[in-house]
Amino acid sequence: MANHSLALRHQFEDVAQQKDASTLGMWIFLATEILFFGGMFCCYTVYRSSYPHAFGIASNHLEVLWGAVSTVVLICSSYFMACSVNSAATGYRKALVGFLVLTILLAVAFLVIEMSEWYLLYKEGLMPGVNFTYKGIDPGHVQLFFCMYFAMTGLHASHVTIGIVILIILAFRAYADVFTPAYYTPVEISGLYWHFVDLVWIFLFPLYYLIARHLQG
Amino acid sequence: MAEHIVTKKQYAYVFVILLVLTLGTTVAGNMDLGPFNVVVALVIAVIKASLVVLFFMHVYWSTKLTRLVAVSGIAWLGLLLWLTLTDMISRGWLGVPGK
């Protein structure tokens, strides 16, 4: 019973209720996150509908292959996170640590790909405020596109970075055998956060990389 | 609520569908579908997002209260987009003097 009392806080009836409360709390946080990113998606929608041509030209400066690879890397990472939750729920400590490490490695790979893309855009002179030398059609609105691109992928990348820190802490705690099938709520709700980060990228990828691919001449 | 543990196999099915849809959206993005490029891209993104929310994030098995919060988050985003876009679209409809 000692282990059980460690897992269950006294204000809850049982472990299931405690877990439901944590899940609910995390979802309320995620609802605020939807609106946090939602404001930027709304801004994107307004500007893209106002300047579709300039956004198309600007979008074709992004490498669609790397966008697709990033998407696959994040989806794989999300899958491994889901496997971590399964391993925690079924009590396989080694598998849990292993899957968490895989999740972290793919998250780092995602950031490396994204930062390489940013560096290439910087070298091309497409980073507003730092190095912007684009002199083609409609430079003002192309600059607007890249402002939004860096703001939104930047906010997303900061979420990935926070996620990596959370996952590293989880991996250490899992290694120390803190989690049991009766108590693995931290793994579960960190998983929710991680899938949310994946979710945002699922929308960022088509909206930034794919919108004007078919117009490329 | 009875605890539901999703198996690795179930996750793997969702994972494979997500990969196929990523390939699909990339291929569709390179085809010329006229105004439907955006529609196809967004429909695929919404399907992928729904799969992630329902199965990876366990909303399919979660309590009604959790579902309500998830849906309300999306509903408020809908409100934000709806009210902003109705303003955007209808702004030029009336000739306002001095505009």
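Not measured: the values here are computed from a predicted model. (Residues numbered from 1 in each chain as written. Chains lettered and ligands numbered in written order. Predicted model: local features only at pLDDT ≥ 70, side-chain atom pairs only at ≥ 80, totals over all residues. Heavy atoms only, no water.)

Undergrad: How should I be thinking about the interface of chain B and chain A in this particular structure?
TA: Often the size quoted for an interface is simply the accessible area lost on bringing the parts together. Contacts between the two partners involve 47 residues from chain B, matched on the other side by 50 residues from chain A. For the interface between chain B and chain A, the tally reads four residue pairs in polar contact (both at pLDDT 80 or more). Listing elements by their share of the side of chain B that touches chain A, those giving two or more residues are α1 (8-30), α2 (36-56) and α3 (64-90) of chain B. Of the residues in the side of chain B that touches chain A, the class split is 30 nonpolar, 13 polar and four charged. (Contact = heavy atoms within 4.5 Å. Polar contact = N/O pair within 3.5 Å; in protein donor to acceptor, adjacent residues only side chain to side chain. Helix = DSSP H or I, 4+ residues; strand = E, 2+ residues; numbered from the N terminus. Nonpolar A, V, L, I, M, F, W, Y, C, P; charged D, E, K, R; others polar.)

Undergrad: It is not clear to me how the packing of helix α4 (residues 64-90) of chain A against helix α7 (residues 185-210) of chain A should be interpreted in this structure. Could you clarify?
TA: When two helices pack together, their arrangement is given by the angle between their axes and by how far apart the axes lie. Residue and element names in this part refer to chain A. Running from N to C, α4 and α7 point in directions that differ by 165 degrees, and their axes come no closer than 9 Å. For the element pair α4 / α7, the angle class is roughly antiparallel. In terms of crossing hand, the pair formed by α4 and α7 is left-handed. Taken together, the residues that form the contact of α4 with α7 break down as 15 nonpolar, nine polar and two charged. (Axes fitted to C-alpha atoms, helices over the stretch in contact; angles between N-to-C directions. Parallel < 35°, antiparallel > 145°, perpendicular 65-115°, else oblique. Left-handed = near helix turned anticlockwise from the far one by under 90°.)

Undergrad: I keep staring at the side chain of B:T66 and nothing clicks. Help me out?
TA: Among the secondary structure elements, B:T66 is positioned in helix α3. Not counting the four nearest positions on each side in its chain, B:T66 is found in contact with A:T23, A:L24 and A:W27.

Undergrad: Could you clarify how one ought to interpret the pattern of salt bridges in this entry?
TA: Where side chains of opposite charge bring their charged atoms close, a pairing between them can arise. For the coordinates displayed, the defined rule picks out two salt bridges over all chains. For A:K19, the salt bridge identified is with A:E188, shortest N-O distance 3.8 Å. Within this pair, whereas A:K19 is found in helix α2 (residues 15-50), its partner A:E188 is found in helix α7, the two being separated by 169 residues in sequence. For the pair formed by A:K19 and A:E188, the shared burial category is buried. Note that B:R91 and B:D87 form a salt bridge whose closest N and O atoms lie 2.5 Å from each other. (Salt bridge = Lys/Arg side-chain N within 4 Å of Asp/Glu carboxyl O. Buried < 20%, exposed > 50% of the residue type's maximum accessible area, 1.4 Å probe, protein only.)

Undergrad: What is the right way to read the nonpolar core from this model?
TA: For soluble globular proteins, nonpolar side chains are generally found buried alongside one another. Within the largest apolar cluster, 97 residues are counted, with the highest numbers of intra-cluster contacts made by A:W27, A:F145, A:F146, A:Y149, A:V187, A:Y208 and B:F56. A domain-level breakdown of this core finds at least three residues from each of domain 1 (1-57) and domain 2 (63-91) of chain B. Not counting residues up to four positions away in its chain, the partners in contact with A:Y149 are A:L62, A:E117, A:W118, A:L121, A:G154, A:Y208 and A:Y209. (Core = buried A, V, L, I, M, F, W, Y, C linked by side-chain atoms within 4.5 Å. Domains from an automatic or database assignment.)

Undergrad: What should I look at first to understand α1(B) in this one?
TA: Since the α-helix turns once every 3.6 residues, residues separated by three or four places project in the same direction. Taking 1.5 Å as the rise per residue, α1(B) with 23 residues should run 33 Å; its terminal C-alpha atoms sit 33 Å apart, in good agreement. Regarding α1(B), the residues found buried are B:Y11, B:V14, B:F15, B:L18, B:L21, B:T22, B:T25, B:T26, B:A28 and B:G29. In this structure, the buried residues of α1(B) make contact with α4 and α7 of chain A together with α2 of chain B. (Expected span 1.5 Å × (residues − 1).)

Undergrad: Even after reading the chapter, I still don't get the confidence of the model for chain A, so can you show me in this structure?
TA: Low-pLDDT stretches of the model should not have their predicted coordinates read in fine detail. Confidence along chain A averages 93 in pLDDT terms, with 96% of residues attaining 70 or more. Contacts of residues 1-5 of chain A to residues separated by more than four positions or lying in other chains number two contacts, the stretch itself having pLDDT below 50. (pLDDT = per-residue confidence, 0-100.)

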